[in-house]
Every structure is written in C-alpha cells, then in structure tokens.
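Residue-level structural notes
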Amino acid sequence: MSALLDTASAPPRPRARDTTRWDVQGLRAFAVLAVVAYHLWPNRLPGGFVGVDVFFVISGYLITGHLLREQVSTGRIALGRFWARRAKRLLPGAFLTLLATGTAVLLTVPSTLWGQYGRELIASTVYVQNWQLASDSVDYLASDNQPSPFQHFWSLSVEEQFYIALPVVLALLALALRRTRWHSPVRTARVLLAAVVVLSFVWCVVETRTAPGIAYFSTATRAWEFALGGLASTVVLAAPRTRVARWVRSGGSWLGLVLLLAALWAITPATPFPGTAALLPVVGAVLVVLLGGHSGLAVLGRFAPVAFIGRISYAVYLWHWPAVVLLPIVLGHPLGLRSKVVVLVGSVVVAALTTLLVEEPLRSSSWVSALRPRRVALYGVLGSVLVVALGAGTLGALQVQQDQAAAYQQRLQAGDVACFGAAARIGSADPCVDPRLADVRVPAPAAAAGDDQNRDACWSNTTADFNVCTLGPSTGYTKHLLAVGDSHNNALISAYRAIAQQRHWRIDVAGHIGCYLTTAEQWAPSQAYTDTCQGWKRSATAWIRAHADELDGVVVTHATTKSPVVVPAGSTNEATVVDGLVAAWRAATDNGVPVVAIRDNPVARPDTLDCVAQMRGPTTSACDVPRAEATASFDGSQQAVARIGGAARFVDMTDWYCTADSCPAVVGGVVVHRDPTHLTATYATTLAPFLGARIARALDAVGR
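As the structure is a computational prediction, the values presented were derived from the model and not from experiment. (Residues numbered from 1 in each chain as written. Predicted model: local features only at pLDDT ≥ 70, side-chain atom pairs only at ≥ 80, totals over all residues. Heavy atoms only, no water.)

**A few points about the overall build of the protein**
Across its full length, the protein carries 27 helices and 11 strands. Expressed along its principal axes, the backbone C-alpha trace of the protein runs to roughly 115 × 50 × 50 Å. Counting all 704 residues of the protein, 51% fall into the buried class. Considering only contacts in the protein between residues 6 or more positions apart, those separated by 24 or more positions represent 79%. Of the roughly 31900 Å² of accessible surface on the protein, 61% is carried by carbon and sulfur atoms. For the protein, the centre of its 57 positive side-chain charges and the centre of its 45 negative side-chain charges are spaced 17 Å apart. (Helix = DSSP H or I, 4+ residues; strand = E, 2+ residues; numbered from the N terminus. Buried < 20%, exposed > 50% of the residue type's maximum accessible area, 1.4 Å probe, protein only. Contact = heavy atoms within 4.5 Å. Areas by Shrake-Rupley, 256 points an atom, 1.4 Å probe, with all protein chains shown as cover. Lys, Arg positive; Asp, Glu negative; His and termini not counted. Charge placed at Lys NZ, Arg CZ, Asp CG, Glu CD.)

**A short note on the nonpolar core**
Within the largest apolar cluster, 91 residues are counted, with the highest numbers of intra-cluster contacts made by Leu27 and Val54. With 11 residues, helix 2 (residues 22-40) is the largest single contributor of residues to this core. The contact partners of valine 54, leaving out residues within four places of it in the chain, are Leu27, Phe30, Ala31, Leu260 and Ala285. Counting 48 residues, the second-largest nonpolar core is a separate cluster that includes Cys458, Val509, Ala630 and Ala684. (Core = buried A, V, L, I, M, F, W, Y, C linked by side-chain atoms within 4.5 Å.)

**Topic: unusual backbone geometry**
A cis amide bond, omega 10°, links phenylalanine 273 with the succeeding residue proline 274. Relative to the assigned elements, proline 274 resides in the loop between helix 11 (243-266) and helix 12 (279-291). Along the chain, valine 442 connects to proline 443 via a cis peptide bond; the corresponding omega equals -5°. Position of proline 443 relative to the elements: it lies in the loop between helix 18 (373-414) and helix 19 (445-448). Although it is not a glycine, arginine 425 sits at a positive phi angle of roughly 50°. You can see arginine 425 is positioned in the loop between helix 18 and helix 19. Residue class for arginine 425 comes out partly exposed when judged on its relative accessible area of 32%. For histidine 504, which is not a glycine, the phi torsion comes out positive at approximately 60°.

**As for the state of the cysteines**
A full pass over the atoms with the stated rule returns 5 disulfides. Across a sulfur-sulfur distance of 1.6 Å, cysteine 419 and cysteine 432 are joined as a disulfide pair. Here the S-S torsion is close to -55°, and the disulfide linking cysteine 419 with cysteine 432 is therefore left-handed. With cysteine 419 in the loop between helix 18 and helix 19 and cysteine 432 in the loop between helix 18 and helix 19, this residue pair connects regions lying 13 residues apart in the sequence. When sorted by exposure, cysteine 419 lands in the same class as cysteine 432, which is buried. Across the disulfide from cysteine 515 sits cysteine 533; the S-S distance is 2.1 Å. Its S-S torsion of approximately 90° makes the covalent link between cysteine 515 and cysteine 533 right-handed. (Disulfide = S-S within 2.5 Å.)

**Thoughts on the packing of aromatic side chains**
Evaluated as defined, the whole model comprises 16 aromatic pairs. Measuring from ring centre to ring centre gives 5.9 Å for phenylalanine 162 and tyrosine 163, while their planes differ by 55°; the resulting arrangement is tilted. Exposure class is identical for phenylalanine 162 and tyrosine 163. Each is buried. Relative to tryptophan 224, the ring of phenylalanine 201 has its centre 5.0 Å away and its plane inclined at 75°; by these criteria the two rings are edge-to-face. (Phe/Tyr/Trp six-rings, centres within 6.5 Å; stacked < 30°, edge-to-face > 60°.)

**A word on the environment of alanine 640**
Tracing the backbone through its elements, the reader meets alanine 640 in helix 26 (residues 637-644). For alanine 640, a relative accessible area of 0% translates into the label buried. Considering only alpha carbons, one finds alanine 640 and valine 582, 58 residues apart in sequence, at a separation of 5.5 Å. Other than its neighbours up to four places away in sequence, alanine 640 contacts Val578, Leu581, Val582 and Trp585.

**Here we look at the packing of helix 3 (residues 51-74) against helix 8 (residues 185-210)**
At a closest axis distance of 9 Å, the pairing of helix 3 and helix 8 adopts a crossing angle of 150°. Contact residues: Thr64, Leu68, Gln71 and Val72 in helix 3; Pro185, Val186, Ala189 and Leu193 in helix 8. For the contact of helix 3 with helix 8, the per-class residue count stands at 6 nonpolar, 2 polar and no charged. (Axes fitted to C-alpha atoms, helices over the stretch in contact; angles between N-to-C directions. Nonpolar A, V, L, I, M, F, W, Y, C, P; charged D, E, K, R; others polar.)

**Concerning helix 11**
Over its 24 residues, helix 11 runs 33 Å from end to end, which matches the ideal 34 Å to within 8%, given 1.5 Å per residue. Those residues of helix 11 lying buried are Arg249, Gly252, Ser253, Gly256, Leu257, Leu259, Leu260, Ala263 and Leu264. (Expected span 1.5 Å × (residues − 1).)

**Examining the environment of leucine 300**
Note that leucine 300 resides in helix 13 (residues 296-302). For leucine 300, a relative accessible area of 43% puts it in the partly exposed group. Placed 278 residues apart in sequence, leucine 300 and tryptophan 22 show a C-alpha to C-alpha distance of 7.8 Å.

**Side note on a nonpolar patch on the surface**
Judged by side-chain polarity, Leu337, Val341, Val345, Val349, Leu353, Leu356 and Leu357 come together as a nonpolar surface patch covering roughly 640 Å² of accessible area. Within the fold, valine 349 resides in helix 16 (residues 337-364). (Patch = residues over 30% accessible without salt bridge, like charges linked within 9 Å, V, L, I, M, F, W, Y side chains within 5 Å. Salt bridge = Lys/Arg side-chain N within 4 Å of Asp/Glu carboxyl O.)

**Side note on the pattern of salt bridges**
This structure, assessed with the given rule, holds 14 salt bridges. The partner of arginine 599 in a salt bridge is aspartate 652, and the shortest N-O contact between them spans 3.4 Å. Placement of the pair is arginine 599 in the loop between strand 6 (595-598) and helix 24 (608-613) and aspartate 652 in the loop between strand 8 (648-651) and strand 9 (662-663), with a sequence separation of 53 residues. Of the charged contacts in the structure, one is a salt bridge between arginine 627 and aspartate 655, with a shortest N-O distance of 3.1 Å. On the criterion of sequence distance, the pair formed by arginine 627 in helix 25 (residues 627-630) and aspartate 655 in the loop between strand 8 and strand 9 is long-range, its members being 28 residues apart. Classification of aspartate 655 by relative accessible area gives partly exposed; the value is 34%.

**Here we look at the packing of helix 4 (residues 79-108) against helix 15 (residues 313-331)**
Contact geometry for helix 4 and helix 15: axes closest at 10 Å, N-to-C directions at 5°. The angle between the axes of helix 4 and helix 15 places the two elements in the roughly parallel class. Contact residues: Arg89, Leu90, Gly93, Ala94, Leu96, Thr97, Ala100, Thr101, Ala104, Val105 and Thr108 in helix 4; Tyr314, Leu318, Trp319, Pro322, Leu326, Ile329 and Val330 in helix 15. Of the residues assigned to the contact of helix 4 with helix 15, the class counts are 13 nonpolar, 4 polar and 1 charged. (Parallel < 35°, antiparallel > 145°, perpendicular 65-115°, else oblique.)

**Brief notes about the environment of glutamate 550**
Inspection of the secondary structure puts glutamate 550 in the loop between helix 22 (527-546) and strand 5 (553-557). Judged by its relative accessible area of 39%, glutamate 550 falls in the partly exposed class. Each C-alpha atom, one on glutamate 550 and one on threonine 463, is 27 Å from the other, the two residues being 87 residues apart in sequence.

**Remarks on the pairing of strand 6**
Side chains Val595 and Ala597 project from strand 6 onto one buried face, and the interleaved Val596 and Ile598 project onto a second face that is buried too. Both strand 5 and strand 6 contribute to a ladder of 3 bridges, which runs parallel. When the sheet's bridge partners are listed, valine 555 is paired in strand 6 with valine 596. Here 4 bridges tie strand 6 to strand 8, and the two strands are oriented parallel to one another. In the strand pairing of strand 8, valine 595 is matched with alanine 648. (Pairing = 2+ DSSP bridges.)

**As for helix 2**
For helix 2, which comprises 19 residues, the first-to-last C-alpha distance of 27 Å matches the rise-based estimate of 27 Å (1.5 Å per residue) to within 8%. Judged by how many residues are buried, helix 2 sits mostly within the fold: 15 of 19 residues are covered.

**Quick look at the pairing of strand 5**
It is a general feature of regular strands that their side chains alternate between the two faces of the sheet. Buried residues dominate strand 5, accounting for 5 of its 5 residues. Burial of the side chains of strand 5 extends over both faces: Gly553, Val555 and Thr557 are buried on one face and Val554 and Val556 on the other. Relative to strand 5, strand 3 (residues 480-485) runs parallel, the two being bridged by 5 bridges. By the bridge assignment for strand 5, alanine 483 is matched with valine 555.

Here's what the structure looks like:
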C-alpha cells in the first residue's frame, strides 16, 4: 500500500519527447500512394511515378543525417552495424515478397515469360535490377520484354547501392582528412554531396537526351537526388520562434507540396525523364524535409490514416506491383475498376500484415537486436541464396522444357514427317494431317521468341551500311538471287538457306531494320533513323545496278504493319506505297533483272506465344486469328507488280499460313510466329520447298 501511495504522490515523469518527423511520414504516404495510383490509373495521374524520386530524397535526407550524427558523436562510422541495421529493416519484407511472387510466377505465368522473370528475380535479390533493366532498354532482342512483377525492385536496387556507397566514401574521406583542417564530418559531407549533385545532375541531363532508357534506371543519373536530400540533412534549423519565421518555414514547406502536386500532372510518361524535369518533384521533396518539421504538414502527417500509410509505405510498394502485373494474367483480361480497387485495398491489407506481423516484430525482437553484423550478413546471404535458387529453378525448368522440345523437333525433322509445319498444307483442298502432331508445339513457346537465324552479316541494324551475306554455293550455282527487305525479309533466312541448298542456287540476303526497297519516305522515330534508312536504300539500289549482269532476280518483301510511309499532300497511303515500290524496283527491271515480290506474312495475336504456352494436350484454335484480320494490312506488292508488267511477278504464300477462315498459331506442330509479326525460323524452314517452287515458277515465267 505504501509503495502504491508513494507512486501516486510522486511527481509525474516527463513525457518522452516525440522525435518522429511526421511531415516525412506524410511525405512517405504521398510518395507511395502516387506510385500506386499511377500504376493503376496512369491516365488519371500521369506523373505519379515521381513518387520514386520523392523516396530517393527521403532516403538521402534520413541516411545522411544518421551517418553524420554517428560520425560527429563517435568520430567514426561503424559500417558493419549500419549495414546490419539496413538489412534488418529491408530484407525480411523484400525476401518475403520475392519468394511469394516467384512462386506465383511458376503457378500462373506462361512459360514464355519464365526466362525474363527468372533473370529479373535473381537481379532483384542481389539488388542490381536497375542495371538489368538498363541493359534491356538498349538491347534490341529484349525491347519487347513484358513488365515483370519484379521490375519495381529497380528503385530499391538504386537505394541499396546508395546505402553501400555513401558510408564507405564518408568513412574514407574522414580517414584521409583526419589530420587536416578539413577534418569536419559535416563540412566534408557538404563538399562531397555538392560535387555529387553537380556531376550527377549534369550527367542525368546528358544521358536523358542521348540514352533515355539507361538514364531512367542508372544509379549515376539518380545519385544527385539522394545527394540533394543529404545536403538538406546538413542544414540544422532551430525551431521557429517568431511569427515571420513560422510563416517562412510554413510557406516553404507548403510550396514544396505544391511543387509535388504539380509534378503529378505536369510530368507525363512522354516527358524526357529524369533530366531537368526531375527538378520539380526533387526540389519539392527537399523543401518539405527541410522546412516541414514545424509546419502544418507535420499536423497532416500525424493524422492517423496518413501516418499509418507512411508507416507501411515500404511494404505497400513491395506488394502492389506484383499484383498489378500478375492479376491480369490470372484473370485473362486487363484490370477493370473493380479489380483495381481490389489491388489497392489488398496491397494495403497485405502490407499492413507484413509490417505488423513480420517486419516490426523481427526488428524489435531481442534475438534480432542481439545479432552481430557478421551473423546478420550470414542470414542475409542464406536468404539471398534461397531466393536466387527459386529464380535459378525457374530458369532450369524453362531450359528443360526447351531442351525437350528442341530434341523432339530434331527427331521430327530428321524423320521427314510429311505433315510437319507448312507441309500440312492447311490452305489446300487436301490438307495433310498426322495424328502424331496433334499435341506437338515446337519450338517451345518460351524459346520461340529467339528462334531467329538472322545474322549481323545479313543485317544493317541502325546504319546505312549495305551488308550482304551469301547462302548456298559461292561457285557453280545455277541461279543468283538477291533477297532484300526489312526484318520480314530476314525472317525468311532459314527458308532462303534451305532453298539455296535444295536447288543449288546462290541467294544473297540484305536487310535493314524497319527499312525496305522503296523510294517512299518511311516513318521513323528520329531524323537520324530516317537518314540511315535512306542511305541504305541508295546503297541497295547502287548494289543492284552494279551486279545486274550477274543477277537472275531480286526477291523483295516487307512488313505491312510497321514503318508506314509518309504520305505527301494530295496523295493517299495506297498510292504512296505502290509508287514507292515501283520506282525502287525499276533499278532492277530497267537493268534486265526481274523482281519477285513476296506478299507479307499474316500477323498473329499480340500474345500469341503466351497463348500457345497455356495449351495443354492437343492444339486448339484458341490462339488463331481470323484470316480477314490477319491479312488486312495493305501490302501494295501485287499492285506494284501489275504496274511494272512482265518483268515482275507476285508470290502469295498465305495459303501456307491460313485456312479459308483463319490463320492458326500452330501449323503442323510448328509455332508459326516468334512475335506478332515475325515468323519462327523453324516454320520458315518448313516453307522452303513451297516458297522455292513459287520463286522458280516466277523466274521461269520471265525467262530466267
């Protein structure tokens, strides 16, 4: 009783000072909600992706401030303890998300995406996802990659690289300057961070103009955002004591919020970014973290719903994006309003559970708190190995599937199966049907995208060089042909090679990305692209004229769905296409060389490989395209041949791709397309006997 009375009569203990930066907590909530809203409703909030830049500023501000306080108070930075604290904070939620998402990929995603997703899972686990995406952004073969459920780890990778680099550099500078008059942690940090701001920002502007894909993901072009936040942490402002000081602080913080709100609509996906445009959200975020501590923004950040979203913002960021990517695959259609709301609410719920039941209990547990940095590093490595093993298992399962399909494909081709591929003659009155091919689909859908035999020697990618490769015998041949065009011409290389071998012809092949034999100007994304295309066409024309005496024919084909022509005033698209073809082909026909024009192949569904990958058992018509739709684009070749007359012939292979009603995704056990418009090399090879016969008949008709 006396103890109770003593306690009751004792003076109350002073309440612990609340050091929470509620304005920063509110800024976290703003940033994550902006990103989530952009991913769900990009047309409503076109600049929501700048929330990532806000996170970069917050990280720079908080981490730099933490490191400098430690360095000032102890004279050193305990790197091991710092990284251990970061690992305890970040890794549990990240590993849980990666494991759950990787498992969902194996259960729900078509195998065509396993390769890309497996690589990105591994890159995300070791925090180099930003460099994986930067590499893919300049890789022509990876340019059609689908967004992966791990893609959002690019920003976490940039942050992790910052967490590694900054304390190391600060520690090394302190060691180097410890006996000089510059031995001041804050002064040293200011000089370092100011230099990073200037150099990184300049590089950001340059890289955004020259290589925007790399600029978006590169750590070098984003470092200034962290550094500017870090500089703000070196400015210590006392609590405002006068009305004017309060007005200035409050006005500056609210100005920062206005800049952030403006960025959500002023910046769009079409804005070159980051570049100078990133100044808007970055400066806005810096104003908030620098001046918002004693302003109305702190009151707003203390509001319970806002504070809670800020508290779970990291987990919300982790979980929302996998749902945005995977749910449409599961549903079989894009997200609608209802499903978007489900993603939004579900992400918040799962994030709350992750934060309250996993992250915070682990961080505050006595066992985790007692772990030394070496033990934390060991557990981090073990966790990384576990997640990487899942990614490696995904790639391994994909490789096994591809190897099995490739082996079966070789057996079929070696056995000369009568109905394999184009030999099924699906457009004829008497199609060939082999029951053994009912459930065959080769190449494996996951490998089909890479089933391309085009080579650099036959290809001019983004230059005006007229590269020519030779297929078949270089001497003793019976005919000499040039096959020239864009990527649809070079998609037939395996067919040309087989024709050359079977008929003892020499076939030279020359192709250019998005550019074919026409005098019409083709649409291009840049003037430089237009110039190289025009230069390549001039080189092609000169080559044909120089070799006219030895050529027996020029074979031409081109895509009808890409690189449309620029229509002059007073003309039409159809007239411009035909006029351009006729004028270009005259370089051959006027010099006695006939032209054989092959109609472009039909197009497939945009998701043709994903659709085929989901088939089980016998092949169905689920992935087929109506013939009228697949062949709807205007080709112009037939009209150009008619205009030229006897020196040109038209070859239409549509019946080898399509029935009277539809164009199947799989013909005779062979996957026809490697993407919506390009043939697989396997199917092109099976076309060779029939295409060769049509070309031979066309040459016979003109006396060659």
